[in-house]
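Structural characterization, general
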Amino acid sequence: MGEVTELEKYRVLFLCNANSARSLMAEALLNHIEGDRIIAFSAGVEPDQPHERTLEALHRLEIVTEELASEPLERYAGQYFDSVIVLCDKARQACRDWEGAAGEVVFWDIPDPRLSDDSSAYRKTLREIRWRLQLWVDAKLRKLE
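Bear in mind that the values here come from a model prediction, so they are computed numbers and not experimental data.

Remarks on the overall build of the chain
Summing up its helical and strand segments, the chain has 4 helices and 4 strands in all. Within the chain, the fraction of its 145 residues that count as buried is 46%. The contacts of the chain with a sequence gap of at least 6 include a subset with a gap of at least 24, amounting to 68%.

Description of the confidence of the model for the chain
Predicted confidence across the chain gives a mean pLDDT of 89, with 90% of residues reaching 70 or more. Between the elements of the chain, mean pLDDT differs from a low of 69, seen in helix α3 (residues 89–95), to a high of 96, seen in helix α1 (residues 22–34).

Section: the packing of aromatic side chains
Inspection of the entire model under this criterion finds 4 aromatic pairs. Aromatic ring contacts, followed pair by pair, group Phe41, Tyr76 and Phe81 into a single cluster. Above the plane of the ring of Phe81 lies Arg11, whose end atom (NZ or CZ) is 4.4 Å from the centre.

Details of the pairing of strand β2 (residues 38–44)
β2 sits mainly inside the fold: 7 of its 7 residues count as buried. Looking at chain direction, strand β1 (residues 10–16) and β2 are connected through 7 bridges and run parallel. Bridge pairing in β2 places Val12 opposite Ala40. For the crossover from β1 across α1 to β2, the handedness is right-handed.

A closer look at the environment of Arg92
Topologically, Arg92 is positioned in helix α3. In sequence terms Arg92 and Val106 are 14 residues apart; their C-alpha atoms lie 9.5 Å from each other. For Arg92, the residues in contact, after removing those within four places along its chain, are Val86 and Phe107.

Here's the deal with the pattern of salt bridges
Summed over all chains, the structure comprises 7 salt bridges. Between Arg37 and Glu34 there is a salt bridge, and its shortest N-O distance comes to 2.8 Å. Overall, the relative accessible area of 32% leaves Arg37 in the partly exposed class. According to the relative accessible area criterion, Glu34 is buried, its value standing at 11%. Of the charged contacts in the structure, one is a salt bridge between Glu104 and Lys140, with a shortest N-O distance of 3.0 Å. Of this pair, Glu104 sits in strand β4 (residues 101–107) while Lys140 sits in helix α4 (residues 121–144), and the two are 36 residues apart along the sequence. What makes Glu104 partly exposed here is its relative accessible area of 23%. Through salt bridges with shared partners, a single network forms among Arg22, Asp112 and Arg114.

About the thresholds
- Residue indices begin from 1 for each chain and proceed along its sequence in written order.
- In keeping with the model being predicted, local features are shown solely for residues with a pLDDT of at least 70 and side-chain atom pairs are shown and tallied solely at 80 or more, while totals for entire chains, interfaces and linings include all residues.
- Excluding hydrogens and water, the side-chain figures rest on all heavy atoms present in the structure.
- Numbered from the N terminus, helices here are DSSP runs of H or I no shorter than four residues, and strands are runs of E no shorter than two.
- Residue burial is assigned from relative accessible area. The probe radius is 1.4 Å, only protein chains are included, and a residue is buried under 20% of its type maximum, exposed over 50%, and partly exposed in between.
- Residues are treated as being in contact if the distance between any of their heavy atoms lies within 4.5 Å.
- For every residue, the predictor reports its confidence as pLDDT, a number between 0 and 100.
- Note on aromatic contacts: the rings of Phe and Tyr and the six-membered ring of Trp form a pair at centre separations within 6.5 Å, being stacked when their planes are under 30 degrees apart, edge-to-face when over 60 apart, and tilted otherwise.
- Here, a charge over a ring is recorded when the distance from Lys NZ or Arg CZ to the ring centre is within 6 Å and its angle to the ring normal is within 35 degrees.
- Pairing between strands is defined by DSSP: at least two bridges between the two strands are required.
- The path from the first strand over the helix to the second decides the hand: if it runs clockwise while the strands point away from the viewer, the crossover is right-handed.
- Salt bridges are counted wherever a side-chain nitrogen of Lys or Arg sits within 4 Å of a carboxyl oxygen of Asp or Glu.

Structure (structure tokens):
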């Protein structure tokens, strides 16, 4: 079986409020673990800069972060995604007005590590996203095969 081209890959968009922590973690992690079959993107309702602690948590897992950037949801207007995974309630509200299309919309309410005083909040958030992604990928790819 030959290599899957970018046009043939399963497209996933992760959404959250600032696109500085959760959605960037999910994008980077999914591209790292399933980049041969899936291509992930992320956006925010009110995009900010990638948070330094987000990048540190990803670096600990040896995940490349140089290409990560906080993007506005509008950047993906008119595009189709096989799955859109929403990571917070504020982004869930914004999805109703988004001018894109999705085969499915999934909602994972993951607490924002930026709002936590816990020094390990970013590592914990990354761990939760990784766990959810592993379950989701196993179920999704089983259906695709």
